[in-house]
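Tertiary structure, described
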Amino acid sequence: RGMRRARRLLEERERTEERLRDSEGRFRDFASSSSDWLWETDDRLRFTYFSKGYLEKIGVNAIAILGKTFEELSDGQPEGEAWSGFQNSLEIHEPFREFSFDMKTESSEVRHIKVSGGPTFDAERNFKGYRGTGTDITAQVEAETEAERTRTLLAEAVEALAEGFAMFDPDDRLVLCNSKFREMYPQSADLIRPGIVFEDMMRGAVERGQFSVPRGEEETWLQMRMERHRRSQGSLEQRMGDGRWLKVIEQRLANGWIVGTRVDITDLKQREET
């Protein structure tokens, strides 16, 4: 009876160990194929484990960086409030989420990395280290940088135009305009700010006498102007309250946005009248 009991215990132990091996194998397979990578540190905040599969895809040797700290992995000398806050969280053993830093690969390529992690403790609540995940966000950062560069280039190009230029989104809110556009509406220039609805901008300008509108006909004039704006086709000549004339050209794009230009044609109108 004792032998049978011992045999059953041995067989149960073997089955348990096999299940553990299978579980560890599945974990390694998942970790290797994941778009994220897993990491672990010791109580000195030095890396003791990386799921190397994804790191190797981006040119980082997981074995070579074992034993290093986050600061040693970063490209250059980390500084700034974000890094100080991150270091403080590590020192007091707090969890952290989505901290970003730059890491240089063996080929000297800089990769942008985002990490999240939480502290681990033993049964006596002694700090053992951190475990967490990391994600390579290089493509996202580069796309955002390129988008920002394009926005800056667009803003500079618009600002350089000799004509007044404005752009409104599908909700008819001002997104972008240049200084020349504001200069053409001196009495209501302070209303011309990103986010203002075109009708509100025009209504405020009418109330301030920006346009040459017969007294008592302000609302009729505004509704006619809004109808032209909604169609946004062709051009119109607009007489200003100070005697100037502007040529207004508006065009609605296929995506619902409206772009418009303003040209001062006062000299042309004066020549026509003589």
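Just above sits the structure.
Residues numbered from 1 in each chain as written. Predicted model: local features only at pLDDT ≥ 70, side-chain atom pairs only at ≥ 80, totals over all residues. Heavy atoms only, no water.

Glancing now at the pairing of strand β5 (residues 127–136). Walk down a regular strand and you will see the side chains alternate between the two sheet faces. Inspection of the sheet shows strand β1 (residues 36–41) paired to β5 by 5 bridges, in the antiparallel sense. Among the inter-strand pairings, aspartate 36 is bridged to a residue of β5, identified as threonine 135. The sheet contact formed by strand β4 (residues 110–121) and β5 spans 9 bridges and is antiparallel. Bridge pairing links phenylalanine 121 to phenylalanine 127 in β5. Here β4 hands over to β5 after 5 residues, with arginine 125 in that stretch at a positive phi of 65 degrees. (Pairing = 2+ DSSP bridges. Helix = DSSP H or I, 4+ residues; strand = E, 2+ residues; numbered from the N terminus.)

Along the polypeptide, glutamate 94 turns up in the loop between α4 (81–91) and β3 (96–104). Each C-alpha atom of the pair glutamate 94 and threonine 120 lies 9.9 Å from the other, and the pair is 26 residues apart in sequence. Leaving out residues up to four positions away in the same chain, glutamate 94 has contacts with Ser89, Pro119 and Tyr130. (Contact = heavy atoms within 4.5 Å.)

Applying the stated criterion to the full structure yields 22 aromatic pairs. Ring plane angle 65 degrees and centroid distance 6.0 Å describe the contact between phenylalanine 121 and phenylalanine 127, whose orientation is recorded as edge-to-face. Phenylalanine 127 sits in the buried class, given a relative accessible area of 14%. The side chain of arginine 125 reaches across the aromatic face of phenylalanine 121, ending 4.2 Å from its centre. Lying over the aromatic face of tryptophan 245, lysine 269 brings its terminal NZ or CZ to 4.5 Å of the ring centre. (Phe/Tyr/Trp six-rings, centres within 6.5 Å; stacked < 30°, edge-to-face > 60°. Buried < 20%, exposed > 50% of the residue type's maximum accessible area, 1.4 Å probe, protein only. Lys NZ or Arg CZ within 6 Å of the ring centre and 35° of its normal.)

Quick look at the sheet that holds β3 now. The sheet built from 5 strands is open, its strands ordered β2-β1-β5-β4-β3 with antiparallel pairing. The two strands at the open ends of the sheet, each matched to only one other strand, are β2 (47–50) and β3. Between one strand axis and the next, the sheet turns through 30 degrees on average, direction left out of account. Together, β3 and β5 form the strand contacts of α4, whose direction differs from that of β3 by roughly 115 degrees. (Axes fitted to C-alpha atoms, helices over the stretch in contact; angles between N-to-C directions.)

Taken together, the 5 strands give an open sheet; going across it, the order is β7-β6-β10-β9-β8, and neighbouring strands pair in antiparallel fashion. Whereas interior strands pair on both sides, the edge strands pair on one side only; in this sheet they are β7 (174–177) and β8 (235–239). The mean angle between the axes of side-by-side strands here comes to 20 degrees, regardless of whether they run parallel or antiparallel. Taken together, the 3 bridges between strand β6 (residues 164–168) and β7 define a ladder with antiparallel strand orientation. Bridge assignment links phenylalanine 168 to a residue of β7, and that residue is leucine 174.

This part is about the side chain of aspartate 136. Relative to the elements of secondary structure, aspartate 136 occurs in strand β5. Within the local environment of aspartate 136, its side chain forms a polar contact with the side chain of arginine 111, the two groups lying 2.5 Å apart. Separated by 2.5 Å, the side chains of aspartate 136 and threonine 138 make a polar contact. (Polar contact = N/O pair within 3.5 Å; in protein donor to acceptor, adjacent residues only side chain to side chain.)

Turning to the pattern of salt bridges, a few remarks are in order. Applying the stated criterion across every chain, the model contains 17 salt bridges. Here glutamate 237 makes a salt bridge to lysine 269, at a shortest N to O gap of 2.9 Å. Pair noted here: glutamate 237 is in strand β8 and lysine 269 is in helix α9 (residues 266–273), with a separation of 32 residues, a long-range link. Classification of lysine 269 by relative accessible area gives buried; the value is 13%. A salt bridge links aspartate 242 to arginine 244, with the shortest nitrogen-to-oxygen separation between them at 2.9 Å. In this structure arginine 244 comes out as buried when scored by relative accessible area, which is 17%. When salt bridges that share partners are traced, they join Glu109, Arg111 and Asp136 into one network. (Salt bridge = Lys/Arg side-chain N within 4 Å of Asp/Glu carboxyl O.)

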